Amino acid sequence: MAHHFRDAIAADDMALAEIYGHYVSTTVVTFDIVEVTPEIMTAKRAAVEESGLPFIVAVDDNERVLGYAAMFPWRPKAAYRHTAEGSIYLSPAATGHGVGGALLTELIERGRQVGIREIIAVISDEDTEASVHLHSKLGFESIGHLRRVGFKFDRWIGTFLMQKSIDA
C-alpha cells in the first residue's frame, strides 16, 4: 500500500477521530470509553504539538489518512522529559500492509530528533498479539504486565508494558 508521512494537521482531525473511534467503540485496544469527536482529536493533537513531541499521519497518494502515531509525555515531572509513550492506530483497511511498521519506525525517528531517549508502549493484554509482535520486531522489550487495570465492556483488562531505548 503506497503511503508517505507528514505531521498531522487540523484537516486530519475528522479522519483521526474516525480511526480512533473505531477502536474505542469496538475493541479494548484503548481504554477510552466515550465517543471520540473531531474536537477531542483537535485537543489531543494540539496538546502533543504544544509538548514538542511528534504527531504524524500516514497518508496515501490522495492524502487519505491511513493511520496515525503520536508520542505523549510519559509523566509530568521534568526528569521524565526524555521519555514518551508511543501510540499508533491504523484504519482497518490499512492493517496488514506494512503501514504500521513503517509508521512506528517513523515515529521512533522523529522522537529521536526531538530528544526522546526512551519510548514506552502500553498495550492491552487482550487480542493484541499483532501489536506486541510489531513492537518486538522494532526493538521494544517486554518490561511488565499490569493485570486488571482497566474495566471496559463489562470485563477487566490488563496492559503489557514494552520499552525501547533510542541511542542519541
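Further up the page is the structure itself.
Small disclaimer: the values here were computed from a predicted structure and weren't measured.

Q: Where do I start with the overall build of the chain in this structure?
A: Within the chain, the regular secondary structure consists of 4 helices and 7 strands. For the chain, the succession of helices and strands along the chain, N to C, is β-α-α-β-β-β-α-β-α-β-β. Relative to its length of 168 residues, the chain is compact, with a C-alpha radius of gyration of 15 Å against a globular reference of 15 Å. Taking the principal axes of its C-alpha atoms as reference, the chain extends roughly 40 × 40 × 30 Å. Scored against the burial criterion, the 168 residues of the chain give a buried share of 43%. Considering only intrachain contacts with a sequence separation of at least 6, the fraction spanning at least 24 residues in the chain is 65%. One way to put it: in the chain the 16 positive side-chain charges average out to a point 6 Å from where the 23 negative ones average out.

Q: I keep staring at the layout of surface pockets and nothing clicks. Help me out?
A: In this approach, a probe sized like a water molecule rolls over the atoms, and the result shows the empty space that is left. Space inside the largest pocket adds up to approximately 1000 Å³. V29, I88, Y89, S131 and H135 are, among the 40 residues lining the largest pocket, the residues nearest its centre. Breaking the lining of the largest pocket down by element, the ones donating at least two residues are helix 1 (13-26), strand 3 (65-73), strand 4 (83-90), helix 3 (99-113), strand 5 (118-124) and helix 4 (129-137).

Q: Could you clarify how one ought to interpret the pattern of salt bridges in this entry?
A: Tallied over the entire structure, the rule returns 10 salt bridges. In this structure, R64 engages D60 in a salt bridge whose closest nitrogen and oxygen atoms are separated by 2.9 Å. R64 gets classed as partly exposed once you look at its relative accessible area, which sits at 46%. The class of D60 is buried, set by a relative accessible area of 10%. E126 serves as the salt-bridge partner of R155, at 2.6 Å between the closest nitrogen and oxygen. Here R155, found in strand 7 (residues 155-165), pairs with E126, found in the loop between strand 5 and helix 4; they are 29 residues apart in sequence, far enough to count as distant. Here the residues in one salt-bridge network are R6, D12 and E63, joined through shared partners.

Q: I'm lost on the nonpolar core in this one. Help?
A: Soluble globular proteins tend to bury their nonpolar side chains together. Counting residues in each nonpolar core, the largest one holds 40 residues, and the members touching the most others are L16, M41, F55 and Y68. Elements supplying a minimum of two residues to this core: helix 1, helix 2 (38-51), strand 2 (55-59), strand 3, strand 4, helix 3 and strand 5. Beyond its immediate stretch of four places on either side in the chain, M41 contacts D13, L16, A17, Y20, V36, F55 and Y68.

About the cut-offs
- Residues numbered from 1 in each chain as written.
- Predicted model: local features only at pLDDT ≥ 70, side-chain atom pairs only at ≥ 80, totals over all residues.
- Heavy atoms only, no water.
- Helix = DSSP H or I, 4+ residues; strand = E, 2+ residues; numbered from the N terminus.
- Rg over C-alpha atoms; globule rule 2.2 N^0.38 Å.
- Buried < 20%, exposed > 50% of the residue type's maximum accessible area, 1.4 Å probe, protein only.
- Contact = heavy atoms within 4.5 Å.
- Lys, Arg positive; Asp, Glu negative; His and termini not counted.
- Charge placed at Lys NZ, Arg CZ, Asp CG, Glu CD.
- 1 Å grid on protein atoms, 1.4 Å probe; cavity = no way out; pocket = protein on both sides within 12 Å on 5 of 7 lines; lining within 4 Å.
- Points joined across faces, edges and corners; volume = space filled by probe spheres on them.
- Salt bridge = Lys/Arg side-chain N within 4 Å of Asp/Glu carboxyl O.
- Core = buried A, V, L, I, M, F, W, Y, C linked by side-chain atoms within 4.5 Å.

Note that all results are geometric; they support no functional claim without further evidence.
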